[in-house]
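These are the residues of each chain, in order.
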Amino acid sequence: MTNFSTILNWQGQKWRWLIPILLVLLFLATLIWLPWQAQRMEATDRQEQLIADTLWVEQAIQFQLNRNEEILRLIGAEIDNSHLPPNAVLERFRTLMKSNHEIQRIVWFDENDSLLASTSDAPLPPKATLIPARGQSALAHGKTQCMPPSLGTNGKNAYLLSCHIPLVKDGQAKGSIVISYRLAGILDEMVPWWFAQDNQISLIDPDEKVYADRSAGGSGKNVYTHIRALDLPGTQLSLRTNSNKSEPKLLANLLVLSVILLSIGLIWSLAALWRDINRRLAAEGALRQQVAFRAAMENSLVTGLRARDMEGRLTYVNPAFCKMVERTAEEIVGRIPPMPYWAPEAIAEYQQRFTQLLAGTVPSEGFETIYQRANGERFPVLIYESPLVNENGVQTGWMSSILEISELKRAQDLSRQQEEKLHASARLATMGEIASMLAHELNQPLAAISSYTTGAVNLLEAGNSDKELMLQALGKANTQAQRAGQIIRSVHEFVKKREPSREPVSIAAVIDESMPLIELQAQPFYVAIQLSIEPKLSPVLADRVLLEQVLLNLTRNAIEAMQANSPARRILRITAETANPHEQDGPALIVVSVIDQGHGIPADVAEKLFSPFFSTKSGGMGMGLKICRTAIEFHGGTLTHRDNPAGGTIFRFALPVSQ
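What you see is a predicted model, and the numbers here were worked out from it, not measured in a lab. (Residues numbered from 1 in each chain as written. Predicted model: local features only at pLDDT ≥ 70, side-chain atom pairs only at ≥ 80, totals over all residues. Heavy atoms only, no water.)

### Thoughts on the overall build of the protein
Moving on, step 1. From N to C terminus, the protein includes 16 helices and 22 strands.
Moving on, step 2. Taking all 659 residues of the protein together, 37% fall into the buried category.
Moving on, step 3. Surface summary for the protein: the accessible area is close to 38,500 Å², and the carbon and sulfur share equals 57%. (Helix = DSSP H or I, 4+ residues; strand = E, 2+ residues; numbered from the N terminus. Buried < 20%, exposed > 50% of the residue type's maximum accessible area, 1.4 Å probe, protein only. Areas by Shrake-Rupley, 256 points an atom, 1.4 Å probe, with all protein chains shown as cover.)

Shown next, in the form of structure tokens:
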């Protein structure tokens, strides 16, 4: 019995010592394995970082080359559409080269490969190094072809990459543009300094021939390398990066430091375990509170929220969305399109947007559409879509925010109606000011008609049968009647209420049709009107009546500003001309100027000139110039003013030419 107890005691002692020994061996193995693993992980991280940085640099180079190609294709389209002369084309080429120093030369050839323009006076290399052989499918479809690098003339190993951009329209060759890059310049200009400081970058071909090299921080150590092919049709070039970093080294005292840290960590971990448990319990409680808070917040929103998975199946809706479409969450969650809240007349639009969503093309801005409630009522909504990404960065679906904009639409309609009424009131106010002048002007043709008809009656009563004399009198009466009718029609067209409509309008015709009313305003003040209209002005896309209103407001202000002038200086000039296309980047503009020689506009008044309800007239509403600016901006134009060097003010409004 005693021997049996001794054996059991010895077995217990054996296991009591064996377990610590195994733990120590495991600890030592861990100390050996951890530094080695850390070294491998660091090396892997460096290699992965080099690959990611190389990919970024390759994409940056590719983006810049594609951007230059797009700019040159736009210039080519402008050459074909606007028939630019070689000097204008060279100016655009040089502008592109100023911001892209890697470009050595840009050359323009016609459809027969004859030189039309070149940014360099140096002799061109053989055309075989610039222009690929014809008949290739890429050239036939207008695709860019890059030639193999060729040695330039400006130094040893200064290789050039020439890319041929065909200009094709309707299947017909219209010429070509050849852009030549310095391969060394591509590395100097497009590779960031921080990347070049840590890596040796080279441009090589499949045979590893080096065409350009940049090593700001020294030669590479051949430890971390990566090669990335460039997407250049017609030639094969690759971007090779060779890091100048060596393999990570182990610290000499890493073992001792690890023992100390692990010993301290063992003691600390026991103390931290209890604290971690308490924190975990507290975090779980806080998480429950946050979930409850978020649920309460989502339930209180008036904005509808909707989540869908990658197949378009509805996975979540908040109460606001259910209230909006008058359906419960159980009715719609889990369904895939078509949805019950889709309006039948917009099914095609919904299907198109849903297809785009599944393809991953989510619009960056919101879009408007219509939904229907359970009772069939339609209502407008504004929808914003965004990807739904999980904690691992993987997209799991889409989240949508839906706003009902019925009230906004009603407010916009009300605002449009109020603005329409304001324009109509302004036209009526303008007509009120010229009503007395209109009556005076109509008295003249009416009096003439009365005289001519009375004379004709007298001739008939006297038995005079002179037919030619009668026709002459009646013809003059008819002329005066047409004059009076024209004045009345001009006023009727100006003041009648109607919806604004934009159509191609001749500025010369607008000025001509407004002249009877402008002359009515000018006659009481003895103001002379001078017209200067450029012949054959291009039409503008505008509302004729709104432009007439702007013209009448500006001319009335100009006439009133010259009341105190001497009769010789009461001159109102109206000009219309095309703006010089070289002075602007946008389309051509038609500029109308109203020039007076009045008292001018003080600086303090000019600051508030276009503010609503600001007026320098005792009985003015202060809305005339504000309405004018609003009308011009409605047409995509601008209304400005400046001092007249001869005294007075020049008001100018510019409208884009109708395309």
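The discussion continues.
### Examining the sheet that holds strand β22 (residues 649-656)
Moving on, step 1. Ordered in space as β17-β19-β20-β22-β21, the 5 strands form an open sheet in which the pairing is mixed. One side of each edge strand has no neighbouring strand; the edge strands of this open sheet are β17 (528-533) and β21 (638-643). Strand-to-strand, the axes of this sheet are offset by a mean angle of 15°, without reference to chain direction.
Moving on, step 2. Relative to strand β19 (residues 571-578), β17 runs parallel, the two being bridged by 6 bridges. Its bridge partner being in β19, Ile 533 is matched across the sheet by Ala 576.
Moving on, step 3. Together, β17, β19, β20 (589-595) and β22 form the strand contacts of helix α13 (residues 507-522), whose direction differs from that of β17 by roughly 175°. (Pairing = 2+ DSSP bridges. Axes fitted to C-alpha atoms, helices over the stretch in contact; angles between N-to-C directions. Contact = heavy atoms within 4.5 Å.)

### Side note on the packing of α13 against helix α14 (residues 544-561)
Moving on, step 1. Where α13 contacts α14, the two axes come as close as 9 Å, and the packing angle between them is 40°. With respect to α14, the axis of α13 lies oblique. Considering how the two elements wind past one another, α13 and α14 form a crossing that is right-handed. Of the residues in α14, those touching α13 at Ile 507, Ala 509, Val 510, Ile 511, Glu 513, Ser 514, Leu 517, Ile 518, Gln 521 and Ala 522 are Arg 544, Leu 547, Glu 548, Leu 551, Leu 552, Thr 555, Arg 556 and Ile 559.
Moving on, step 2. For the contact of α13 with α14, a count of residues per class yields 11 nonpolar, 3 polar and 4 charged. (Parallel < 35°, antiparallel > 145°, perpendicular 65-115°, else oblique. Left-handed = near helix turned anticlockwise from the far one by under 90°. Nonpolar A, V, L, I, M, F, W, Y, C, P; charged D, E, K, R; others polar.)

### Some remarks on the state of the cysteines
Moving on, step 1. For the structure shown, the criterion picks out 1 disulfide.
Moving on, step 2. Each disulfide pairs two cysteine sulfurs, and for Cys 146 the partner residue is Cys 163, the sulfurs being separated by 2.3 Å. Measuring the twist about the S-S bond at about 95°, one finds the Cys 146-Cys 163 disulfide to be right-handed. With Cys 146 in strand β3 (residues 145-146) and Cys 163 in strand β5 (residues 159-169), the pair connects residues that are 17 residues apart, well separated along the chain.
Moving on, step 3. Residue Cys 146 is classed as buried on the basis of its relative accessible area, which comes to 4%. (Disulfide = S-S within 2.5 Å.)

### Digging into empty space enclosed by the protein
Remark: the empty space left among the atoms is shown by a probe the size of a water molecule rolled over them.
Moving on, step 1. Scanning all chains against the criterion turns up 1 cavity of 30 Å³ or more.
Moving on, step 2. Computed from the structure, the largest cavity encloses a volume of approximately 30 Å³.
Moving on, step 3. In this structure, the largest cavity is lined by Ile 507, Val 510, Ile 511, Leu 547, Leu 551, Val 592 and Phe 653.
Moving on, step 4. At the level of elements, α13 and α14 are the ones that each hand at least two residues to the lining of the largest cavity.
Moving on, step 5. The element contributing the most residues to the lining of the largest cavity is α13, with 3 residues.
Moving on, step 6. Tallied by class, the residues present in the lining of the largest cavity amount to 7 nonpolar, no polar and no charged. (1 Å grid on protein atoms, 1.4 Å probe; cavity = no way out; pocket = protein on both sides within 12 Å on 5 of 7 lines; lining within 4 Å. Points joined across faces, edges and corners; volume = space filled by probe spheres on them.)

### What about the pattern of salt bridges?
Moving on, step 1. Taken as a whole and assessed by the stated rule, the structure comprises 9 salt bridges.
Moving on, step 2. Measuring nitrogen to oxygen at the nearest pair gives 3.6 Å for the salt bridge that ties Glu 58 to Arg 228. One end of the pair, Glu 58, is in helix α1 (residues 2-82); the other, Arg 228, is in strand β9 (residues 225-229), and 170 residues separate them in sequence.
Moving on, step 3. Judged by its relative accessible area of 8%, Glu 58 is buried.
Moving on, step 4. Put simply, Arg 313 and Asp 309 hold a salt bridge, and the shortest N to O gap is 3.5 Å. (Salt bridge = Lys/Arg side-chain N within 4 Å of Asp/Glu carboxyl O.)

### Quick look at the nonpolar core
Moving on, step 1. Leu 72, Phe 93, Ile 106 and Leu 183 are the most contacted members of the largest nonpolar core, which has 44 residues in total.
Moving on, step 2. The element contributing the most residues to this core is α1, with 8 residues.
Moving on, step 3. Among residues more than four places away in sequence, those in contact with Leu 72 are Phe 93, Leu 96, Ile 106, Ile 165, Ile 177 and Ile 179.
Moving on, step 4. Formed by 39 residues, the second largest nonpolar core is a distinct cluster that contains Leu 537, Val 550, Ala 558 and Leu 572. (Core = buried A, V, L, I, M, F, W, Y, C linked by side-chain atoms within 4.5 Å.)

### Notes on the packing of aromatic side chains
Moving on, step 1. If you walk through the whole model with that rule in mind, you get 8 aromatic pairs.
Moving on, step 2. Here Trp 56 and Trp 194 contribute two aromatic rings whose centre-to-centre distance is 6.1 Å and whose plane-to-plane angle is 40°, an arrangement assigned as tilted. With Trp 56 in helix α1 and Trp 194 in helix α5 (residues 193-198), this residue pair connects regions lying 138 residues apart in the sequence.
Moving on, step 3. By way of ring pairs, the aromatic residues Phe 321, Tyr 341, Trp 342, Tyr 350, Tyr 371 and Phe 379 are connected into one cluster.
Moving on, step 4. The ring of Phe 379 is capped by Arg 373, whose NZ or CZ atom sits 4.1 Å from the centre of that ring. (Phe/Tyr/Trp six-rings, centres within 6.5 Å; stacked < 30°, edge-to-face > 60°. Lys NZ or Arg CZ within 6 Å of the ring centre and 35° of its normal.)

### Remarks on the confidence of the model for the protein
Moving on, step 1. Scored by pLDDT, the protein has a mean of 77; 72% of the residues are at 70 or more.
Moving on, step 2. Within the model, the stretch residues 618-623 combines pLDDT values under 50 with 10 contacts to residues more than four positions away or in other chains. (pLDDT = per-residue confidence, 0-100.)

### Quick look at the side chain of Arg 308
Moving on, step 1. One can find Arg 308 in strand β11 (residues 304-309).
Moving on, step 2. Within the structure, Arg 308 has its side chain in polar contact with the side chain of Glu 385 (distance 2.9 Å). (Polar contact = N/O pair within 3.5 Å; in protein donor to acceptor, adjacent residues only side chain to side chain.)

### Remarks on the pairing of strand β14 (residues 378-389)
Moving on, step 1. Of the strand pairs in this sheet, strand β13 (residues 367-372) and β14 are connected by 6 bridges, and their pairing is antiparallel. For Glu 368, the partnering residue across the bridge sits in β14 and is Leu 382.
Moving on, step 2. As consecutive antiparallel partners, β13 and β14 are separated by 5 residues, and within that stretch Gly 376 has a phi angle of approximately 90°, a positive value.
Moving on, step 3. As defined by bridge partners, β14 adjoins strand β15 (residues 395-404) across 9 bridges and the pair is classed as antiparallel. Bridge pairing in β15 places Glu 385 opposite Ser 400.
Moving on, step 4. Hairpin remark: β14 followed by β15, antiparallel, with 5 residues in the connecting loop; positive phi at Gly 393, about 80°.

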